[in-house]
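Secondary and tertiary structure notes
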Amino acid sequence: MAGAEPAADDEGLYSRQLYVLGRSAMERLAGAAVLVVGLRGLGAEVAKALVLAGARAVTLHDTAAAGPADRASQFFLTDSNMGQNRAVASQRHLAELNSHVLVTAHTEELSENFLTSFQVVVLTDSPLEEQLRIGDFCHARGICFIVADVKGLAGQLFCDFGDHFVVHDPTDADPVRASVQHISQGNPGIVTCAAGEDGRGHLFSDGDVVTFSGVEGMIELNGQQPCPVRVLDAFRLEIGDTSSFSPYCCGGLVLQVHLPQEHSYEPLRTALVKPKIQVSNPEDLPRSRSLHIAFQALHAFRKEQGCLPQPRAQGDAERVLELARSLDEQQGPLDEDVVRAFASVSAGDLSPMAAFMGGLAAQEVLKAASGKFLPLDQWLYFDALEFLDLEGAAQLTEEDCAPRGSRYDGQITVFGADFQEKLGHQKYFVVGAGAIGCELLKSFAMMGLAAGTGGNITVADMDTIARSNLHRQFLFHSADISKPKSEVAAAAVRCMNPDIKVTAHQNQVGPAMELIYGADFFKHLDGVASALDNMETRAYLQSCCLRFLKPLVDSGMEGTRGNVLAMVPHLTNALGPASDPVDKTFPLCTLRHFPQTIEHTLQWARDEFEGLFRLPAENVNRFLVDPTFLEHLEAPKALEVLEQVQRSLQERPRDWQDCVHWARQHWQSCYHNAISQLLLTFPPEHETSPGVAFWSGDRRCPHLLTFDPDDSLGPGSVPVPLVCQGTAELLRRSHICSVARRRRDISISPSGTPMWLMSWLLPTSLLRHTRFWLAMTGQLLRRSFATWSYRPSHPRRGSRSTSWRKGRRSRRLWDDNFHVDFVTAASNLRAENYGIACADWLTSKRIVGRIVPAIATTTMAVAGLACLEIYKLVWGCQDRSCYRNSNLCLSDSLLLRVQPLPPSTYRYGQKEWSCWDRLEVQGIGADGQEMTVRELLDWLRAFREPGGCWGAAAPGTGAAIRVRGRRGSRRGLLSPSPLLPALSLEWDTRMAMPEAAGPSCPLGPHCTCCPW
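What counts and what doesn't
- Residues numbered from 1 in each chain as written.
- Predicted model: local features only at pLDDT ≥ 70, side-chain atom pairs only at ≥ 80, totals over all residues.
- Heavy atoms only, no water.
- Pairing = 2+ DSSP bridges.
- Helix = DSSP H or I, 4+ residues; strand = E, 2+ residues; numbered from the N terminus.
- Salt bridge = Lys/Arg side-chain N within 4 Å of Asp/Glu carboxyl O.
- Phe/Tyr/Trp six-rings, centres within 6.5 Å; stacked < 30°, edge-to-face > 60°.
- Lys NZ or Arg CZ within 6 Å of the ring centre and 35° of its normal.
- Core = buried A, V, L, I, M, F, W, Y, C linked by side-chain atoms within 4.5 Å.
- Buried < 20%, exposed > 50% of the residue type's maximum accessible area, 1.4 Å probe, protein only.
- Contact = heavy atoms within 4.5 Å.
- Axes fitted to C-alpha atoms, helices over the stretch in contact; angles between N-to-C directions.

**Quick look at the sheet that holds strand β8 (residues 177–183)**
Strand order across the open sheet formed by seven strands is β11-β10-β14-β8-β9-β13-β12, with antiparallel pairing between neighbours. The open sheet has two edge strands, β11 (227–228) and β12 (230–231), and neither has a second partner. Where β8 meets strand β9 (residues 190–193), three bridges bridge the pair, whose relative direction is antiparallel. Bridge pairing links H182 to T192 in β9.

Given below as structure tokens:
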């Protein structure tokens, strides 16, 4: 399987990554050979990401043997690997991650002949002399060259992709598009864009390059070479000369085009002296320049002394500073405090730092190999030196940070031995064992979190492993598919560090599980790490941490973007309410009569699927099990459901040919008859007012699709008999279809076409979509009715529901993707009706299923940043200025880190409180009697201020009282029970969002979907 093209051959494995990189970029990546030099923690992180991503070949190079100190961040090494070459010891583990990738180890010196066989070379933990030698060679030969290094709490990244590097697609943003309302004849021509669904104008910028399609009248624009635009205002664009073109009639789409770009990069030798450093904030540039000099000074110190500075050794740090000052004369001002701090912990080796810098470096390798996204230009520096400002950190001595001969020496060097012991006692709750969760658990194992006496990590995830998880969740392998994620992940990290205590739960964290994850559970925790992609569960977890006063590190990602948020009791603001992104809704008239984009046709097709195959089947099954369920519905709804059940049972197909006959009639109704009726009501020449065409702006004039037996089929099309044979074979699987009606019994004409299908032949352009539509419709209908041939013993067991969205715990309609096949085919036929560009199967599945794009590089970087914040929590930091909320975008090589906001405070009279404050009430008196409601009210009156009391809601806070007793909590009014033991009161803030008004319907009284 080595060297296979994953984008073409293994969409099931790389589906999430395909949504990030695209098919063409994946194919280029599948042909790339990459060399990774240095297999300590950082090199292992880079190699892991490249193997998971699907490069053609990854070669590992290292000449050193593994030692105990390497295990601080090198997660592939075990006790049995000590003394072995690090590259050789890691090769087997990396090869097991992806059978498509050829993984080899090389232990000889790096010769020029050897280097020429690679498209990308990555150096980690290499001396400066080796970096310069290989950098010069790679630049001269056009080989993309990357240097990545981590020293203690600082990291460095450099990219040189040669003099003529082509970026095929520079951005991760979807191309901007707009519907055309009018185009003038002139020099320059003026394009007027129709307002979007939100009433806003276009989103184009000056210099954007666009193409036109579907323009009627001024057809010369269709298919023309991309042309630049100049923005005049929110609705108008200026293009080139249109004075010689035909007059504009109606319709059209203007679409932004991302053209390839060529970039040039300086070699390392030049870039060292004249660095181009990329920063997210200009204020960070002086600090990055100081780190640039500090890394060079560290190389000089290592060459001079033969080792890195001893941890917390003031003399060594001052020597590094002297070397930096000598470089400072050539390269600009120097922040001496940064250099001292950097040097004092430069011997450290931290897994979170390796994970973060490894994710960034691996993403640059993917850019080099695939030509997707703009590469780094050219230096990037990252540091977490704020750790040295923690209370007590400055007092650490050389003795505190001296090596102990353990696997944690790289961490002890930075934080001291006492902190390492404290890490081992921690009790943490990790919610989610997906991509970020796996990375967190790996780093916890390297850090030694919960690896000591009394420590424990509880990891909860209700999901099981799917094949699409394997390209970004490296703790899972092919043999683990269908096993619980939490259990497999827990077992994997125990192999990395046998001392770690991990308890796996296969539960969904939520209100239904509060008997397990309630007050007793949370009170024993030291902190919580959220690694969820479900916003509702994330919000619930945040509320639990707020209620039980527990710190939370929340992390999330989408594609190349990620974020990490820290919530610390009494120090930071609560993260606030969160919910799943609201499903984008479209006006029913747009879906039924005026689709403009493929999103509209896909939503229409999804509604078709739901209305034809899911809802009728569910209602019939419910009726067969319990006919009285209609009594619980409102009268109009009950009548509607009853009529649907009656119609479904009466029109039940008898065999497979009935299914296909129904499918043919429904095709005619959807793609011919309905369009014909619409054009009869509003002909193409119809005008809403004199001179104003009805079919203009965002309304596309449709055309009919017609079966024509006389149309000849062009070369390369799917043979028509396959339409019949495929449908017959799919329907044959039903137990309600006669076995005698198998495809061998189908009557075939001399031309190879079934006789009963002769009148259903299609034009070439529609044959492919209709073939899928007929096959899927027949299959779906047959399966829907097949569920009614028995009476299930349990009402829920007979139903069928479709899993569109990741994270919903619903039964799949079937084990295959027939529902996606149907929606894709139905949508593309609908798009043909309206002249909309069709979407492939994978794109359709992403849009309809609201699937979140994902890639391993982002999860690594996000998890690394999250673990850096967990270090601070374990330290017990009570200085808000030391914490960081992070937002990163790997496609643009950008990272923004800011201090969390302080908690919002509310004032009433002389009282001030925040979301973290509590009113503690002694619920049991000295006499052993429990407090009554009357006594509680009297107690509250004692806090009463002039003009009001604590129970009143502060303006704008939406305050609500939460009453918590010994056995749980309840929200809202005080309990009617006369006994309220051990009460505490909390305030919960909420906001109400106004509802948006819906657009008016252009069909007016002719509309059959709006409630006129």
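**Brief notes about the pattern of salt bridges**
Under the definition given, this model contains 39 salt bridges. For D480, the salt bridge goes to K483, with nearest N and O atoms at 3.8 Å. Each of R40, D62, D70, R86, D125, D149, K151, R302 and D349 takes part in one network of salt bridges that share partners.

**Concerning the packing of aromatic side chains**
Within this structure, the stated rule accounts for 29 aromatic pairs. Lying over the aromatic face of F594, R699 brings its terminal NZ or CZ to 5.8 Å of the ring centre. Just above the ring of W604 sits the side chain of R830; from NZ or CZ to the centre is 4.6 Å.

**Considerations on the nonpolar core**
In terms of nonpolar packing, the biggest core is built from 176 residues, with V121 and F444 touching the most fellow members. Counting residues per element, this core draws most heavily on helix α27 (residues 856–875), at 13 residues. If sequence neighbours within four positions are ignored, F444 has contacts with V430, L449, I457, I500, C867 and I870. Of all hydrophobic cores here, the second largest spans 27 residues; its members include F613, I675, W695 and A826.

**Comments concerning the environment of D377**
Locating D377 in the fold gives a position in the loop between α12 (351–370) and β16 (379–383). Expressed as a C-alpha distance, the spacing of D377 and P275, which sit 102 residues apart in the sequence, is 9.5 Å. Beyond its immediate sequence surroundings of up to four residues, D377 is in contact with Y265, K276 and Q278.

**As for the environment of L255**
Of note, L255 is situated in strand β14 (residues 253–256). What L255 contacts, discounting residues up to four positions off in sequence, is P175, V176, R177, V209, V210 and T211.

**Topic: the sheet that holds strand β4 (residues 120–124)**
Read across the open sheet, the seven strands follow the order β3-β2-β1-β4-β5-β6-β16; overall the sheet is mixed. Single-partner strands in this sheet number two, and they are β3 (102–106) and β16. Within this sheet the neighbouring strands show an average axis-to-axis angle of 15°, counted without direction. Taken strand by strand, α12 contacts β1 (33–37), β4, β5 (144–151), β6 (154–160) and β16, and its axis lies near 5° from that of β6.

**Section: the pairing of strand β20 (residues 527–530)**
Within a regular strand, the side chains alternate between the two sheet faces. Residue alternation in β20 divides its side chains into two sets, G527 and A529 and V528 and S530, and both sets are buried. In this sheet, β20 lies alongside strand β17 (residues 427–431) in parallel orientation, the contact comprising four bridges. Residue pairing across strands places Y428 opposite G527, the latter belonging to β20. Relative to strand β21 (residues 552–558), β20 runs parallel, the two sharing three bridges. Residue pairing across strands places S530 opposite D554, the latter belonging to β21.

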